[in-house]
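A look at the structure
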Amino acid sequence: MTVTLHVCITCRAGQTLGEGDTTPGKRLHGAILEAGVPDGVSVVPVECLSACSQGCSVALSAPGRWSYVYGRLSDANARDVVAGAAAYAAAPDGIVPWRSRPEIFRKQSLARIPPIAVVPEAAE
C-alpha cells in the first residue's frame, strides 16, 4: 500500500516574496525529492494544507491508517521528513512509536487524524 506525503508548495512561512521568488514550500518539496523518496511513499505537491500560520507543512496519509500534519518545517528538514515518511510507511496502522520518530515529528505535529471508517453501501 502506498503512503502519500503531501507537501504544501504554496507555504510562504511568513515571508513576503517578490515576483518570481520560489516559495519556501516549493523549496521544501524539492529538497524532499533530492533527499530520496523511500519505497512505498508517493510525494504529492498540494496547493494548501490550511496551516499557513505554522510555516511550511506536510501531511502523511494512507488508507486505513492514522494521518498526520506537521508544520514549522523548512528545506533543512527534508531528510528528517523522509525518515519520518519511511517510518510511517513501515507502521501498519500509521502509528510510529514515539522514540522512533524524527524529532521534528515528535515536536512539530499539528494534527493527528483517525483513519476514515469505510461504511458499506446500503443494499438497494
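In what follows, the structure referred to is the one given above.
Here we summarise the structure given alongside this text. (Residues numbered from 1 in each chain as written. Predicted model: local features only at pLDDT ≥ 70, side-chain atom pairs only at ≥ 80, totals over all residues. Heavy atoms only, no water.)

Here we look at helix α2 (residues 78-90)
Spanning 13 residues, α2 covers 19 Å between terminal C-alpha atoms, matching the ideal 18 Å at 1.5 Å per step. Regarding α2, the residues found buried are A78, V81, V82, G84, A85 and Y88. In a view along the axis of α2, the buried residues occupy a sector of 165°, so they form one face of it. Counted as exposed and oriented over 90 degrees from the buried face of α2: R79 and A90. Here the buried face of α2 lies against β1 (3-8), α1 (24-35), β2 (41-46), β3 (56-61), β4 (67-73) and α3 (103-107). (Helix = DSSP H or I, 4+ residues; strand = E, 2+ residues; numbered from the N terminus. Expected span 1.5 Å × (residues − 1). Buried < 20%, exposed > 50% of the residue type's maximum accessible area, 1.4 Å probe, protein only. Arc of directions from axis to C-beta. Contact = heavy atoms within 4.5 Å.)

Quick notes on α1
Its 12 residues place the ends of α1 16 Å apart at the C-alpha level, agreeing with the 16 Å of an ideal helix rising 1.5 Å per residue. Here α1 has its buried residues at P24, G25, L28, H29, A31 and I32. Down the axis of α1, the smallest arc covering the buried residues is 165°, so these residues share one side. Tucked inside the fold, the buried residues of α1 contact β1, β2, β3, β4 and α2. Directly beyond the C-terminal end of α1, a positive phi value near 100° is found at G36.

Side note on the nonpolar core
In terms of nonpolar packing, the biggest core is built from 26 residues, with L5, I32, V58, L60, L73 and V81 touching the most fellow members. Listing elements by their share of this core, those giving two or more residues are β1, α1, β2, β3, β4, α2 and α3. Broken down by element, the residue count for this core peaks at 5 residues, all from α2. (Core = buried A, V, L, I, M, F, W, Y, C linked by side-chain atoms within 4.5 Å.)

Digging into the packing of aromatic side chains
Summed over the entire model, instances satisfying the criterion amount to 3 aromatic pairs. Residues Y68 and Y70 carry aromatic rings whose centres are separated by 6.0 Å and whose planes lie at 15° to one another, so their mutual orientation is stacked. Neither Y68 nor Y70 differs from the other in exposure class; each is buried. Note on Y68 and Y88: the rings are 6.2 Å apart at their centroids and 90° apart in plane angle, and the pair reads as edge-to-face. With a gap of 20 residues between them, Y68 in strand β4 and Y88 in helix α2 connect regions that are remote in the sequence. (Phe/Tyr/Trp six-rings, centres within 6.5 Å; stacked < 30°, edge-to-face > 60°.)

Brief notes about the sheet that holds strand β5 (residues 109-113)
Whenever strands of a sheet pair, they do so through backbone hydrogen bonds, lying parallel or antiparallel. Here 5 strands make up an open sheet; going across it, the order is β2-β1-β3-β4-β5 and the pairing mixed. Pairing within the sheet leaves two strands with one partner each, and these edge strands are β2 and β5. Here the strands of the sheet are splayed against their neighbours by 15° on average, with no regard to which way each runs. Direction of pairing for β1 relative to β3: antiparallel, over a ladder of 4 bridges. What sits directly across from T4, in β3, is S61. Together, β1, β2, β3 and β4 form the strand contacts of α1, whose direction differs from that of β1 by roughly 145°. Its contacts with the sheet place α2 against β1, β2, β3 and β4, and it is angled at close to 15° to β3. (Pairing = 2+ DSSP bridges. Axes fitted to C-alpha atoms, helices over the stretch in contact; angles between N-to-C directions.)

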